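Below are the chains, spelled out letter by letter.
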Amino acid sequence: MKAIDKRKHEWLRIKLFRLAQDAADSETREAAADALRALLQQYETYQEMIEQLKDCISAYEEMQKNFRSDLLAPALREEHKERKATKYSVRDFQLMVIK
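Presented here is a report on the structure given in the accompanying data block. These numbers come from a predicted model, not from an experiment. (Residues numbered from 1 in each chain as written. Predicted model: local features only at pLDDT ≥ 70, side-chain atom pairs only at ≥ 80, totals over all residues. Heavy atoms only, no water.)

## As for the overall build of the chain
Within the chain one finds 3 helices and 0 strands. Its helices and strands taken in sequence order, the chain reads α-α-α from the N to the C terminus. Within the chain, the fraction of its 99 residues that count as buried is 8%. As displayed, the chain has an accessible area near 9100 Å², and 58% of this comes from carbon and sulfur atoms. (Helix = DSSP H or I, 4+ residues; strand = E, 2+ residues; numbered from the N terminus. Buried < 20%, exposed > 50% of the residue type's maximum accessible area, 1.4 Å probe, protein only. Areas by Shrake-Rupley, 256 points an atom, 1.4 Å probe, with all protein chains shown as cover.)

Pasting the structure below:
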């Protein structure tokens, strides 16, 4: 996905505005004004969606952080303790005593 280039948007907005103001015939002025309105509306929709996406990403990152600290970290610590406790089997201890 590629972002809308703000400089290109501004350039087109200015050109359409000037055309809507300065065109020789009224049909061209009206078409440029309609195009400008559509462009601005679409860009506004884009900006709103970008804000929603930012909010979504922030919420996801917060959930990820919470899941890691609240669920995953304690489970991994417990697993590590269990592995550490069972590092040697009973047979290993028996072999140690025999030596």
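Past the structure itself, the notes keep going.
## Re the pattern of salt bridges
A complete count under the given rule lists 3 salt bridges for this structure. Measuring nitrogen to oxygen at the nearest pair gives 3.4 Å for the salt bridge that ties Lys54 to Glu51. Of this pair, Lys54 and Glu51 both sit in helix H2 (residues 26-85), 3 residues apart, roughly one helical turn. For Lys54, a relative accessible area of 46% translates into the label partly exposed. (Salt bridge = Lys/Arg side-chain N within 4 Å of Asp/Glu carboxyl O.)

## Considering helix H1 (residues 6-22)
Under the 1.5 Å per step criterion, the end-to-end length of H1 is 24 Å for 17 residues, consistent within 8% with the ideal 24 Å. Every buried residue of H1 is listed here: His9, Leu16 and Ala20. Looking down the long axis of H1, one finds its buried residues gathered within 40° of arc, a one-sided arrangement. In H1, the exposed positions angled more than 90 degrees off the buried face are occupied by Arg7, Trp11, Gln21 and Asp22. The backbone nitrogen of Arg7 lies 2.9 Å from a side-chain oxygen of the residue at the head of H1, namely Asp5. (Expected span 1.5 Å × (residues − 1). Arc of directions from axis to C-beta. Polar contact = N/O pair within 3.5 Å; in protein donor to acceptor, adjacent residues only side chain to side chain.)

## Topic: the packing of aromatic side chains
According to the stated counting rule, one finds 1 aromatic pair in the structure shown. Ring geometry for Tyr43 against Tyr46: centres 5.7 Å apart, planes inclined by 40°, an arrangement best described as tilted. Of this pair, Tyr43 and Tyr46 both sit in helix H2, 3 residues apart, which is roughly one turn of that helix. Its relative accessible area of 13% is what places Tyr43 among the buried residues. (Phe/Tyr/Trp six-rings, centres within 6.5 Å; stacked < 30°, edge-to-face > 60°.)

## Some words on the side chain of His9
As for its position among the elements, His9 is in helix H1. Excluding anything up to four places from it in sequence, His9 contacts Ile4, Leu39, Leu40 and Tyr43. (Contact = heavy atoms within 4.5 Å.)

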